Amino acid sequence: MTGDNAIEVRGLRNQFGDHVVHDDLDLDLRRGEILGVVGGSGTGKSVLLRSIVGLNQTRHGDIRVLGQNIGSLTSAEREALERRWGVMFQDGALFSSLTVRENVEVPLRAVRDLSDSDRIGLAELKVAMAGLPPNANDKYPSELSGGMRKRAGLARALALDPEILFLDEPTAGLDPIGADAFDRLIVELRDALNLSVFLVTHDLDTLHTCCDRIAVLAEKKVLATGTMSEMLAIDHPWVHEYFHGPRARAAMTPDHEDA
Ligand SMILES: Nc1ncnc2c1ncn2[C@@H]1O[C@H](COP(=O)(O)OP(=O)(O)OP(=O)(O)O)[C@@H](O)[C@H]1O
């Protein structure tokens, strides 16, 4: 593990029955970068995210997060490490019976010696940082638009001042203007909070707007990592189709970037 990497995955194998999803997969997330993780449907992007945050039992391979091997932690060490990352799942994964502020308060309740008023104040701060108006605090998830629910999920992921932010398809289902605003927010938050961001996406615009590097999942491993211009030079059928196809060309046009 080098000090420059927030996450190091080595030799990861994930298998469900006889279906091998990952085989000998290596991946690094450098500190302070936004890494876009892309790949065809079913290539195991979500399984990879879930393996790193310990929601998927991995039989083979090493996963080190912030210098610690997640396979060999005591439950107290694991709990302490979990407080150093935040996860925003695709659907926001909010508790429907809690308001937005109460949802963000959930992880804060694990912090000892935090008074009720400080907890509420911190939760409201995170809601504002995620770009929601003050009146969103008292709303229930069912009263929010899809984009607002994603921002509420983001606020909860930021609750404990994480060092690493995991985002699973953050712009899926958003209209282009909402998606663009969300992409810019991710970059602003990374810059302001010095986050390292692991971002699973299908969205080429997000790759252009946000990501410092891209990791392509194919053939059960990370087939390539690099910048967008490095991706454009890769001679692999899926990679070429993805980065040179009609949607890629649209995402790269200057008019589109200025929109
Ligand atoms: N708990 C599980 N049990 C059995 N198979 C699973 C489980 N979780 C994931 N899989 C399988 O692992 C493969 C990878 O799933 P995953 O959701 O990671 O793909 P993905 O790359 O995120 O796809 P998409 O882009 O469509 O969201 C799929 O074939 C899926 O059916």
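Please refer to the structure placed before this passage.
About the criteria used
Residues numbered from 1 in each chain as written. Predicted model: local features only at pLDDT ≥ 70, side-chain atom pairs only at ≥ 80, totals over all residues. Helix = DSSP H or I, 4+ residues; strand = E, 2+ residues; numbered from the N terminus. Buried ≥ 20, exposed ≤ 12 C-beta atoms within 10 Å, placed from the backbone. Contact = placed C-beta atoms within 7 Å. Pairing = 2+ DSSP bridges. Core = buried A, V, L, I, M, F, W, Y, C linked by C-beta atoms within 7 Å. Near = placed C-beta within 6 Å. Nonpolar A, V, L, I, M, F, W, Y, C, P; charged D, E, K, R; others polar. Axes fitted to C-alpha atoms, helices over the stretch in contact; angles between N-to-C directions. Parallel < 35°, antiparallel > 145°, perpendicular 65-115°, else oblique. Left-handed = near helix turned anticlockwise from the far one by under 90°.

Engineer: Is there a simple way to think about the environment of L29 in this case?
Structural biologist: On the secondary structure map, L29 appears in strand β2 (residues 19-30). Owing to 24 C-beta atoms within 10 Å, L29 belongs among the buried residues under this scheme. Once residues within four sequence positions are removed from consideration, L29 is found in contact with N5, A6, I7, L35, S196 and F198.

Engineer: How do you make sense of the pairing of strand β3 (residues 34-39) when you look at a structure like this?
Structural biologist: Working note: regular strand, side chains alternate between the two faces of the sheet. In terms of burial, β3 is largely enclosed, as six of its six residues are buried. Taking every second residue as pointing to the same face, both faces of β3 are buried, with I34, G36 and V38 on one and L35, V37 and G39 on the other. As paired elements, β3 and strand β9 (residues 213-218) share five bridges and run parallel to each other. Bridged to V38 within β9 is V216.

Engineer: Quick question: what am I supposed to make of the nonpolar core here?
Structural biologist: L35, V37, F166, V197, F198 and L199 are the most contacted members of the largest nonpolar core, which totals 62 residues. F166 has contacts with L49, V53, W85, V87, M88 and F198, leaving out every residue within four places of it along the chain.

Engineer: Teacher, can you tell me more about the environment of L144 here?
Structural biologist: Relative to the helices and strands, L144 is located in the loop between α4 (116-129) and α5 (146-157). A tally of 18 C-beta atoms within 10 Å means that L144 is categorised as partly exposed. Sequence separation between L144 and W238 is 94 residues; the distance between their C-alpha atoms is 37 Å. If we ignore the near neighbours within four places in the chain, the residues touching L144 are K139, R149 and A152.

Engineer: Would you mind showing me how to read the site of the ligand here?
Structural biologist: By nearness alone, every residue bordering the ligand is listed as F16, V21, G39, S41, G42, T43, G44, K45, S46 and V47. By residue number, the principal contributor to the shell around the ligand is helix α1 (residues 45-52), which donates three residues. Taken together, the residues that form the shell around the ligand break down as three nonpolar, six polar and one charged.

Engineer: What is the right way to read the sheet that holds strand β10 (residues 221-226) from this model?
Structural biologist: One open sheet holds the six strands; their spatial order is β6-β7-β8-β3-β9-β10, and the pairing between them is mixed. The open sheet terminates on both sides in strands that have one partner only, identified here as β6 (85-88) and β10. Mean inter-strand twist for the sheet, computed between neighbouring axes without regard to direction, equals 15 degrees. The pairing of β9 with β10 spans five bridges and is classified as antiparallel. The residue bridging L217 from the neighbouring strand is V222, located in β10.

Engineer: Hey, could you run me through the sheet that holds strand β1 (residues 5-16) in this one?
Structural biologist: Each strand in a sheet pairs with another by means of backbone hydrogen bonds, the pair being arranged parallel or else antiparallel. The strand order β2-β1-β4-β5 describes an open sheet built from four strands, whose pairing is antiparallel. Single-partner strands in this sheet number two, and they are β2 and β5 (68-69). Where β1 and strand β4 (residues 60-65) come together, five bridges link them in antiparallel fashion. Following the sheet pairing, V9 is matched in β4 by I63. Running at roughly 120 degrees to β1, α1 makes contact with β1, β2 and β4 of the sheet.

Engineer: Can you help me understand the packing of helix α3 (residues 100-108) against α5 in this one?
Structural biologist: Helices that pack against each other are described as a pair by the angle of their axes relative to one another and the distance between those axes. Between α3 and α5, whose axes approach to 8 Å, the crossing angle comes to 30 degrees. With respect to α5, the element α3 is oriented roughly parallel. Like other packed secondary-structure pairs, α3 and α5 cross with a definite hand, here right-handed. Here V100, N103, V104, V106 and P107 of α3 come into contact with α5, specifically with A152, A155 and R156. Its residues assigned to classes, the contact of α3 with α5 comprises six nonpolar, one polar and one charged.

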